[in-house]
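What follows is the residue order along each chain.
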Amino acid sequence: MENKWVIEIINNEPRNYYCLDSLEGKIIYNKYVLVDKDKINIKDITLYKLINGKLEIDSDKVRLREIEQLNTRKNLIKRILHKLKTQYSEKEFVYKGKYLQKNRALGDRDNLNGVVTLLLASKQTAYNGWKVFNTETKRYEFITLTVQEMVELGLMMNSYLAKALQVENILLDRLETMTEEQMNKINFEKEYEKLWTTT
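To keep things clear, this report deals only with the structure shown in the data block. Bear in mind that the values here come from a model prediction, so they are computed numbers and not experimental data. (Residues numbered from 1 in each chain as written. Predicted model: local features only at pLDDT ≥ 70, side-chain atom pairs only at ≥ 80, totals over all residues. Heavy atoms only, no water.)

## Focus on the packing of helix H3 (residues 147–176) against helix H5 (residues 188–198)
Okay, step 1: Interaxial distance between H3 and H5 falls to 10 Å at its minimum, and their mutual angle equals 130°. What the angle tells us is that H3 and H5 run oblique. For the crossing formed where H3 meets H5, the hand is right-handed. Across the interface between the two elements, Tyr160, Lys163, Ala164, Val167, Glu168, Ile170, Leu171, Arg174 and Leu175 of H3 pack against Phe188, Glu191, Tyr192, Leu195 and Trp196 of H5. (Axes fitted to C-alpha atoms, helices over the stretch in contact; angles between N-to-C directions. Helix = DSSP H or I, 4+ residues; strand = E, 2+ residues; numbered from the N terminus. Parallel < 35°, antiparallel > 145°, perpendicular 65-115°, else oblique. Left-handed = near helix turned anticlockwise from the far one by under 90°. Contact = heavy atoms within 4.5 Å.)

In structure tokens, the structure reads:
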């Protein structure tokens, strides 16, 4: 008696269960089946269906669960790729041979675009006060840049973003056709870095 599950059945689907000996052999469900503990994986009870008085694995439910698990895994990988895109698109780079330029979307790129717009609107030709880190003196400095230099700097900043988007899209395209097994074999961080250096 102690090796049986009492499984409640509602609309031919298992809902609840308990071990038969936990209630001294009493049955508390209106409709139920008794199943030997070694004949069913109780953790997967939702994958079963009552067919001809017996609990059987429902292949449609199994397929649906596999699809859900695959989509959950893909969504996790998409979040990883999004973080990598942000990380790589915001990489610092050396400007004019000695200045380390930050490249954050909020702050650096937005600030640069705003300054260029103001300079063009006011018909000024230079901006005095662009903050950079001098790699030689190891200090922050405020330098003067012409509108043309700022446009060039903006293009350099945006090239990192464009490249990061391109690498992310390549991996997203691959991901859409991958099986669970293929996803398990690939390290997306290493693959992103490899594509970053070759793209």
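## Quick look at the sheet that holds strand S1 (residues 4–10)
Okay, step 1: With antiparallel pairing, the three strands of this open sheet are ordered in space as S2-S1-S3. The two strands at the open ends of the sheet, each matched to only one other strand, are strand S2 (13–19) and strand S3 (32–36). Neighbour-to-neighbour, the strand axes of the sheet open up by a mean angle of 30°, direction not taken into account.
Okay, step 2: Two elements, S1 and S2, share five bridges in a ladder whose sense is antiparallel. Bridging from a neighbouring strand, Trp5 pairs with Cys19 of S2. (Pairing = 2+ DSSP bridges.)

What is shown is where atoms sit, not what they do.
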